[in-house]
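# Report on the structure
Next come the chains, spelled out residue by residue.
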Amino acid sequence: MAWTLLLAAGQGNRLASAIGGLAKQFLDWKGAPLYWESALVFSRCARVDGLVFVFPEACIDEERERVAGLMRNASLGIPWKVVAGGALRQDSVRNGLAALPGDCMEVLIHDAARPFVSPVLVNRILDGLHGEASGECVAACIPGIPVVDTIKVMDEEKKVVATPDRKHLMAVQTPQGFSLAFLRAAHQRAEEEGWVVTDDASLLELCGHAVHVAEGEAGNKKITTPEDLEMLRMTGERIPC
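Every value quoted in this text rests on a predicted model; they were computed, and no experiment measured them. (Residues numbered from 1 in each chain as written. Predicted model: local features only at pLDDT ≥ 70, side-chain atom pairs only at ≥ 80, totals over all residues. Heavy atoms only, no water.)

## Things to note about the pattern of salt bridges
Put simply, the test is: Salt-bridge detection follows one rule: a side-chain nitrogen of Lys or Arg within 4 Å of a carboxyl oxygen of Asp or Glu. Starting at the N terminus, helices and strands are each numbered in turn, a helix being any DSSP run of H or I of at least four residues and a strand any DSSP run of E of at least two. Exposure categories follow from relative accessible area, calculated using a 1.4 Å probe and restricted to protein chains: below 20% of the type maximum is buried, above 50% is exposed, and the middle band is partly exposed.
In the structure shown here, the tally under the stated rule is twelve salt bridges. When the shortest N-O distance is used, the salt bridge between E63 and R66 registers 2.8 Å. Here R66 and E63 lie together in helix 3 (residues 60-73), a separation of three residues that amounts to about one turn. Given a relative accessible area of 30%, R66 falls into the partly exposed group. Among the ionic pairs, E230 bridges to R233, the shortest N-O distance being 3.8 Å. Placement of the pair is E230 and R233 together in helix 8 (residues 229-233), with a separation of three residues, close to one helical turn. A residue is classified by how much of its surface remains accessible, and E230, at 41% relative accessible area, is partly exposed. R233 sits in the partly exposed class, given a relative accessible area of 27%. What emerges from the salt-bridge pattern is a single network uniting R89, D111, D200 and K222.

## Some words on unusual backbone geometry
Going from T174 to P175, the amide bond is cis rather than trans, its omega being 15°. Looking at where P175 falls in the secondary structure, it is placed in the loop between strand 10 (170-172) and strand 11 (176-179). Residues other than glycine seldom take positive phi values, yet K30 does so here, at roughly 60°. Using a relative accessible area of 43% as the deciding quantity, one classes K30 as partly exposed. Phi at K158 takes a positive value of approximately 60°, unusual for a residue other than glycine.

## Thoughts on the nonpolar core
Quick reminder of the rule: Working definition of a nonpolar core: buried Ala, Val, Leu, Ile, Met, Phe, Trp, Tyr and Cys residues. They are joined through side-chain atoms within 4.5 Å. Contact criterion: two residues are considered in contact whenever any of their non-hydrogen atoms come within 4.5 Å of each other.
Ranked by internal contacts, the top residues of the largest apolar core, which has 37 residues, are Y35, W36, F53, F55, L76 and V122. Among the elements of the structure, strand 1 (2-7), helix 2 (34-43), strand 4 (50-55), helix 3, strand 5 (80-84) and helix 5 (119-129) are those that each provide at least two residues to this core. With six residues, the single largest contributor to this core is helix 2. The contacts of L76, once residues within four sequence positions are left out, are W36, A39, L40, S43, L51, F53 and M71. Within the second largest apolar cluster, 27 residues are counted, among which are V83, A140, I142 and A201.

## Comments concerning the pairing of strand 6 (residues 106-111)
Under the convention used in this document: Two strands pair if DSSP finds at least two bridges between them.
Counting buried positions along strand 6 yields six of six residues, so the element is predominantly enclosed. Residues E106, L108 and H110 of strand 6 are buried on one face, and the alternating residues V107, I109 and D111, pointing to the opposite face, are buried as well. Examined bridge by bridge, strand 1 and strand 6 share six bridges and lie parallel to one another. Each residue of the ladder has a partner; that of L6, found in strand 6, is H110.

In structure tokens, the structure reads:
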């Protein structure tokens, strides 16, 4: 059984000032908050059995009520829960993991600011977890796309110290898929060791587990900066300027 954690608890500081102080995941798009588009996509995947929304603690009651209202117009058709996020991304994930049912074996973690995720990509990640390529189930499978720009490593004085071969580099996306037992153990160790990371795959790496990479999608963009709003405007929706 696989559930999805939809992370919608971030502050989105780089974009908030451009949309009147609103966190990007709550931006109105297609007549609903931005996070709802991802929820609908995951609900269309037959292999996804449930969904946990992770919202800022300050608005959790309001968003629970809003999700219930959205469900009356377009039901997800799968069980769903709402939990409060934490100060850090990994705190939010840990809170979401605690809400998963006992029979859940796999979890997909997705950033609500990636509204263009497709069912094809979701199934590709689940296939990767089930070992379609390797022949055996794995601890983690994440989507990645090749890096097209040359990457430079700088020191504290902003001097270039290395130029890694980009054929070994990938830009990582979400959803990231995990065997739940491995991910929970990794989060437990992160608490004990004081690790702070930017994605959950990094925790698996720090624990010594192999993280498999599946082909991502160029269109699976993350709404991060004011310039990214153009991707939403191209759909014909009104987005604040």
